[in-house]
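Chain and residue survey
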Amino acid sequence: MTLSGCLAVALGGAAGSVARYAVQHIPALATDKTWPTVAVNILGCLLIGIAATVFERRVADAELRLLCVTGFLGGFTTYSTFMLDAATLLRSGEYRTVAVYLLVTLAGGFAAFTAGCAGTGKLIERL
């Protein structure tokens, strides 16, 4: 971990977060809270696919990758990183691992969210 790497992630993350916020305010998507999230997740997957290919085949600059992939796309959506990790496992032939990874992440994430909501709701009721 270097200072220049941290700065690249911070700058990219700030820009990605602002971009996500902007997508939530596109009039065609803003009628429902779920569609901006879907748009961000799908766009993020497209962008990380493009970025991963460019950085793998053409660009070796570590700070630029940190800025674009870890920073910008990490701030924009972590769903894209989730898909990149799954695709990497799949390309490596780790079929069982990718299946477990997808299932645990999706089901575990939903279960954790549900538990967090229920637990917090009960705590708030007691206060």
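Use the structure listed above.
Residues numbered from 1 in each chain as written. Predicted model: local features only at pLDDT ≥ 70, side-chain atom pairs only at ≥ 80, totals over all residues. Heavy atoms only, no water.

Bringing the overall build of the chain into the picture now. Scanning the chain for helices and strands turns up 5 helices and 0 strands. In sequence order, the secondary structure elements of the chain are arranged as α-α-α-α-α. Viewed in the frame of its principal axes, the chain has a C-alpha envelope of about 55 × 40 × 35 Å. By the burial criterion, 20% of the 127 residues in the chain qualify as buried. (Helix = DSSP H or I, 4+ residues; strand = E, 2+ residues; numbered from the N terminus. Buried < 20%, exposed > 50% of the residue type's maximum accessible area, 1.4 Å probe, protein only.)

Before going further, it helps to examine the nonpolar core. If you look at the biggest cluster of nonpolar residues, it comprises 10 residues: Val23, Val40, Ile48, Ala51, Ala52, Phe55, Val69, Leu73, Phe76 and Leu84. Among the secondary structure elements, those contributing two or more residues to this core are helix H2 (34-57) and helix H3 (62-76). When neighbours within four sequence positions are excluded, Val40 is seen to be in contact with Arg20, Val23, Phe76 and Thr77. (Core = buried A, V, L, I, M, F, W, Y, C linked by side-chain atoms within 4.5 Å. Contact = heavy atoms within 4.5 Å.)

A few words now on the side chain of Asn41. By the element assignment, Asn41 lies in helix H2. The contacts of Asn41, once residues within four sequence positions are left out, are Thr77 and Tyr79.

Quick look at a nonpolar patch on the surface now. On the surface, Leu43, Leu46, Leu47, Ile50 and Val54 cluster together to form a nonpolar patch covering roughly 380 Å² of accessible area. Its place among the elements puts Ile50 in helix H2. (Patch = residues over 30% accessible without salt bridge, like charges linked within 9 Å, V, L, I, M, F, W, Y side chains within 5 Å. Areas by Shrake-Rupley, 256 points an atom, 1.4 Å probe, with all protein chains shown as cover. Salt bridge = Lys/Arg side-chain N within 4 Å of Asp/Glu carboxyl O.)

What follows deals with the side chain of Thr77. Topologically, Thr77 is positioned in the loop between H3 and helix H4 (79-91). Engagement of the side chain of Thr77 in a polar contact is seen with the side chain of Asn41, the distance being 2.8 Å. A polar atom in the side chain of Thr77 sits 3.0 Å from the backbone nitrogen of Tyr79. If we skip the residues at most four places from it in the chain, Thr77 touches Arg20, Val40, Asn41 and Gly44. (Polar contact = N/O pair within 3.5 Å; in protein donor to acceptor, adjacent residues only side chain to side chain.)

Overall, the coordinates contain 0 disulfides when judged by the stated rule. Counting only cysteine sulfurs, Cys68 is the nearest neighbor of Cys6, a cysteine outside any disulfide, at a range of 16 Å. (Disulfide = S-S within 2.5 Å.)

Taking 1.5 Å as the rise per residue, H2 with 24 residues should run 34 Å; its terminal C-alpha atoms sit 35 Å apart, in good agreement. Within H2 the residues assigned to the buried category are Pro36, Val40, Asn41, Gly44, Ile48, Ala51, Ala52 and Phe55. Elements that come into contact with the buried residues of H2 comprise helix H1 (3-23), H3 and H4. (Expected span 1.5 Å × (residues − 1).)

A few words on the packing of H2 against H4. The geometry of H2 relative to H4 is characterised by a closest axis approach of 8 Å and an angle of 50 degrees between their N-to-C directions. In this view, H2 runs oblique relative to H4, as classed from their interaxial angle. In the crossing of H2 with H4, the sense of the turn from one axis to the other is right-handed. Contact residues: Asn41, Gly44, Cys45, Ile48 and Ala52 in H2; Tyr79, Ser80, Thr81, Met83 and Leu84 in H4. For the contact of H2 with H4, the per-class residue count stands at 6 nonpolar, 4 polar and no charged. (Axes fitted to C-alpha atoms, helices over the stretch in contact; angles between N-to-C directions. Parallel < 35°, antiparallel > 145°, perpendicular 65-115°, else oblique. Left-handed = near helix turned anticlockwise from the far one by under 90°. Nonpolar A, V, L, I, M, F, W, Y, C, P; charged D, E, K, R; others polar.)

Here the focus is the packing of aromatic side chains. Evaluation of the coordinates by the stated rule reveals 3 aromatic pairs. Centre to centre, the rings of Tyr79 and Phe82 are 5.8 Å apart; their planes meet at 55 degrees, and the pair counts as tilted. Of this pair, Tyr79 and Phe82 both sit in helix H4, separated by 3 residues, roughly a single helical turn. A ring pair is formed by Phe82 and Tyr101, whose centres lie 5.4 Å apart and whose planes are at 45 degrees; its orientation type is tilted. Note that Phe82 is positioned in helix H4 and Tyr101 in helix H5 (residues 95-126), a separation of 19 residues in sequence. (Phe/Tyr/Trp six-rings, centres within 6.5 Å; stacked < 30°, edge-to-face > 60°.)

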